[in-house]
Amino acid sequence: MKYRIDVAMSGRLGMEIQPKNMTDDEKDLCRKAIAEYKQIRPIVQFGDLYRLVSPYDKVGLASLMYVNEAKSKSVFFWWKTESFQNEHLPRVKMAGLDANKNYKVHELNRIDLKPMDIEGKTFSGAYLMNHGLEMPYRNEPEWSKKTDWSSRVLLFEAE
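Just so we're clear, the structure is a prediction, and the values are computed from it rather than from any experiment. (Residues numbered from 1 in each chain as written. Predicted model: local features only at pLDDT ≥ 70, side-chain atom pairs only at ≥ 80, totals over all residues. Heavy atoms only, no water.)

Attention shifts here to the overall build of the protein chain. Helices and strands together make up the secondary structure of the protein chain, namely 3 helices and 6 strands. Projected onto its principal axes, the C-alpha coordinates of the protein chain cover approximately 45 × 35 × 30 Å. Taking all 159 residues of the protein chain together, the buried fraction comes to 41%. For the protein chain, the accessible surface area stands at approximately 9,100 Å², while carbon and sulfur atoms represent 48% of it. Between the averaged position of the 25 positive side-chain charges in the protein chain and that of its 23 negative side-chain charges there is a distance of 2 Å. (Helix = DSSP H or I, 4+ residues; strand = E, 2+ residues; numbered from the N terminus. Buried < 20%, exposed > 50% of the residue type's maximum accessible area, 1.4 Å probe, protein only. Areas by Shrake-Rupley, 256 points an atom, 1.4 Å probe, with all protein chains shown as cover. Lys, Arg positive; Asp, Glu negative; His and termini not counted. Charge placed at Lys NZ, Arg CZ, Asp CG, Glu CD.)

The next subject is the pattern of salt bridges. Under the definition given, this model contains 8 salt bridges. A salt bridge links lysine 73 to glutamate 157, with the shortest nitrogen-to-oxygen separation between them at 3.7 Å. With lysine 73 in strand S3 (residues 73-80) and glutamate 157 in strand S6 (residues 151-158), this pair connects stretches of sequence that are 84 residues apart. One salt bridge connects arginine 152 with aspartate 112, and the closest N-O pair in it is separated by 3.0 Å. (Salt bridge = Lys/Arg side-chain N within 4 Å of Asp/Glu carboxyl O.)

Here it is, written out as structure tokens:
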């Protein structure tokens, strides 16, 4: 469900699901995602779109991001597109940020039991565009909710 929501958030948040067929946990996840989407909707709808990694590149992931006009906020989307053993997925370099600004990271739609190591940390726009960030290739929710699908949505806000 997280993967599906994360894909939907990169556009108009059309999830095409029937609420009567959803579990209470899935409904709670959707409620939270809708609230978070309302925070980023102006960035997604009116920001500049940067296609970072195409799923057709066959590198095991796809990624894109939106940046607002002032380059003060950005939303980064990352999806693992293949599942295989001994995975190594490349870092994704960001685009469109202000190299001279510092950006604080906040993950949206987090289902992991603990936050990513980068949660709440600050990185320069130059670093994000030249090096990118290492993305864990698996979500780590409670055992019964683990799947091969993994995705991340990161909100960057200039400080």
